[in-house]
Amino acid sequence: MLDENDANAHDLILETFLEPEIVEMFTPVVYGSLHMLKQESSRLQIRYNAQIVGNASQADPDALNFVDITGRNAAEVAKKEYEADLLDAFVVVPMSREVTNQLRNAVIPNPVIKYPESDAKAIPLICSDQLHVAYVVTGNNDVAGITTESIEYKARILHSTLRRDLRQDNPRVAILSYNPEIVPDENSIEIQVIAPAVSKLVNTGIPVFGPYAYADFFETGKHLSFDAVLAMTREQSQAPFLSMYEGNAIALAAGIAPLVVSPIKLDGNNDATVESFREAIYTVIDVYRSRYFFDLPYVNPLPKLYHERREDGEKVRFTVKKRFGDGEQKGDDVSLADKGEAIDVNTASDEKAED
């Protein structure tokens, strides 16, 4: 899904699908501006090989399919086709909170691919090959938004996303401090807010650790001991990608039902590269499959078979059928234990042998 006025987004389509083999992995349906695509194709001297379709139902599985949304809301068009079970996931270029918020309440057409918190707001999870970082608040001055409840909520979403989307069976999550260093001050946010959140999460079985001072957390390689990191601010979450990955990353919208991924460039202009765009495509394919197989065992499970086993006491063990005689009915059971009679199993066997 492209911004119809974004030339760089259309450039990514032309350069990425220049290799026709990429459509062998999935069926791409691009929502963008046909006018912009032609304009960039002429400027870059790249011939676009796209099939123009009216909607996703007309898509050719062996070609690049392009839906012209000039003058229309691309998110609304794609959302309707997604709810009609014509689409499986979204790659949004450039990353847009407005588009993500429009897609987050989309109704899941496939009962296997589901998510319980479909009304929740998306939590951006910034990813690279060895680093997954989410954050609690957007701005450094939004200290009021850093509460024990908000940290606990986002840590739970992060933990479930790692298990369901990224195939981490028992993920370890590090929680960072708000201040660069942790000082022994009882009134600090680390002791008053973050530490209680960590304790609550640990007590409920969520393996989180911290808080760690963020000043040297990434530089010293501590992040390599964890599967993900929950930072307090967006600036904290972006810093390691700017220093170690030149600002290139993938943003996965965690905590919402539809699968939404965006390639991002954290350098101010948000112009993603072809490499990050390809990585976003591969991420969407992997996460979709991971969600499917994670949810599959929970769909139509076998009913539980409740079998009540009676107590293996003497009353049950020594219950015998009555011999049928005059005035006796079939099916009546008599327990010798009820009559107060004890049976010696060995003696009974000997007597039967003598007879």
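Residues numbered from 1 in each chain as written. Predicted model: local features only at pLDDT ≥ 70, side-chain atom pairs only at ≥ 80, totals over all residues. Heavy atoms only, no water.

Q: In this structure, what is going on with the pattern of salt bridges? I would like to understand it.
A: Side chains carrying opposite charge are able to pair once their charged atoms draw close together. Applying the stated criterion across every chain yields a total of five salt bridges. One salt bridge connects Asp 11 with Arg 43, and the closest N-O pair in it is separated by 2.9 Å. Remark: Arg 43 occurs in helix H2 (residues 34-44) and Asp 11 occurs in helix H1 (residues 7-16); sequence separation between them is 32 residues. Residues Asp 295 and Arg 164 are paired through a salt bridge, measuring 2.6 Å at the closest nitrogen-oxygen approach. (Salt bridge = Lys/Arg side-chain N within 4 Å of Asp/Glu carboxyl O. Helix = DSSP H or I, 4+ residues; strand = E, 2+ residues; numbered from the N terminus.)

Q: I tried to follow unusual backbone geometry on my own but got confused; where do I start?
A: Most of the time, phi is negative for any residue but glycine, and the peptide bond is trans. Residues Val 93 and Pro 94 are joined by a peptide bond in cis, for which omega reads -5 degrees. Mapped onto the secondary structure, Pro 94 falls in the loop between strand E4 (90-91) and helix H4 (97-103). The amide bond that connects Gly 210 to the next residue, Pro 211, takes the cis arrangement and shows omega of 0 degrees. Mapped onto the elements of the fold, Pro 211 is located in strand E8 (residues 208-212). If you check the backbone angles, Arg 167 has positive phi at about 60 degrees while not being a glycine. Within the secondary structure, Arg 167 sits in the loop between helix H5 (148-164) and strand E7 (173-176). At Glu 246, a position not held by glycine, the phi torsion is positive, near 55 degrees.

Q: Hey, could you run me through the packing of aromatic side chains in this one?
A: Two numbers describe a pair of aromatic rings. These are the distance of the centres and the angle of the planes. Under the criterion given, the structure shown has nine aromatic pairs. Look at Phe 241 and Tyr 245: their rings are 6.0 Å apart centre to centre, the planes differ by 40 degrees, and that puts the pair in the tilted class. Three or more aromatic residues joined by ring pairs form one cluster here, namely Phe 209, Tyr 212, Phe 217, Phe 218 and Phe 226. Lying over the aromatic face of Phe 209, Arg 172 brings its terminal NZ or CZ to 4.5 Å of the ring centre. (Phe/Tyr/Trp six-rings, centres within 6.5 Å; stacked < 30°, edge-to-face > 60°. Lys NZ or Arg CZ within 6 Å of the ring centre and 35° of its normal.)

Q: Can you walk me through the sheet that holds strand E1 (residues 29-32) in this structure?
A: Strands in a sheet are paired, the pairing made by backbone hydrogen bonds, and the direction either parallel or antiparallel. The three strands lie next to each other as E1-E3-E2, forming an open sheet whose pairing is parallel. If you trace the sheet from one side to the other, it starts and ends with E1 and strand E2 (50-52), each paired once. Sheet twist, expressed as the mean angle between neighbouring strand axes with direction ignored, is 35 degrees. As paired elements, E2 and strand E3 (residues 64-68) share three bridges and run parallel to each other. If you follow Gln 51 over to E3, its bridge partner there is Asn 65. (Pairing = 2+ DSSP bridges. Axes fitted to C-alpha atoms, helices over the stretch in contact; angles between N-to-C directions.)

Q: When you look at the nonpolar core in this model, what are you seeing that I'm missing?
A: Taken as a class, soluble globular proteins show a tendency for nonpolar side chains to be buried jointly. Residues Ile 151, Ile 175 and Leu 230 are the most contacted members of the largest nonpolar core, which totals 55 residues. In terms of residue count, the dominant contributor to this core is helix H8 (residues 274-295) (seven residues). The next biggest cluster of nonpolar side chains, apart from the first, holds 21 residues, and it includes Met 1, Ala 78, Val 99 and Ile 256. (Core = buried A, V, L, I, M, F, W, Y, C linked by side-chain atoms within 4.5 Å. Buried < 20%, exposed > 50% of the residue type's maximum accessible area, 1.4 Å probe, protein only.)

Q: Could you clarify how one ought to interpret the pairing of strand E11 (residues 260-265) in this entry?
A: Each regular strand displays side chains that alternate between the two surfaces of the sheet. For E11, the tally of buried residues reaches six of six residues, placing the bulk of the element in the interior. As paired strands, E4 and E11 are joined by two bridges and run parallel to one another. Along E11, the bridge assignment pairs Phe 90 with Val 260.

Q: I'm lost on the environment of Lys 79 in this one. Help?
A: Of note, Lys 79 is situated in helix H3 (residues 74-83). Linking Lys 79 and Val 107, residues 28 residues apart in sequence, is a C-alpha distance of 8.7 Å. Beyond its immediate chain neighbours, meaning those up to four positions away, Lys 79 contacts Gln 102, Leu 103, Asn 105 and Ala 106. (Contact = heavy atoms within 4.5 Å.)

Q: What am I meant to see in the packing of H1 against H8 here?
A: Between two packed helices, what matters for the description is the angle formed by their axes and the separation of those axes. Running from N to C, H1 and H8 cross one another at 75 degrees; their axes reach a closest spacing of 10 Å. The orientation of H1 with respect to H8, classified from their angle, is roughly perpendicular. From H1, Leu 12, Ile 13, Glu 15 and Thr 16 reach across to H8, where they touch Val 274, Phe 277, Arg 278 and Ile 281. (Parallel < 35°, antiparallel > 145°, perpendicular 65-115°, else oblique.)

Q: What is the right way to look at the confidence of the model for the protein in this model?
A: Caution is warranted with low-pLDDT regions, since their predicted coordinates should not be read in detail. In this model, the protein carries a mean pLDDT of 84, and residues with pLDDT of at least 70 account for 82%. Model confidence for the protein, summarised as mean pLDDT per element, is weakest for strand E13 (residues 333-335) at 44 and strongest for E7 at 97. Low pLDDT (under 50) marks residues 316-320, which in the prediction has ten contacts with non-local residues, meaning those over four places away or in another chain. Note that pLDDT drops below 50 for residues 326-355; the model gives that stretch 22 contacts with residues more than four away or on any other chain. (pLDDT = per-residue confidence, 0-100.)

Q: I tried to follow the side chain of Thr 16 on my own but got confused; where do I start?
A: Locating Thr 16 in the fold gives a position in helix H1. Assessed through its relative accessible area of 0%, Thr 16 is described here as buried. When residues no more than four places from it in sequence are discounted, the contact partners of Thr 16 are Ile 22, Val 274, Phe 277, Arg 278 and Ile 281.

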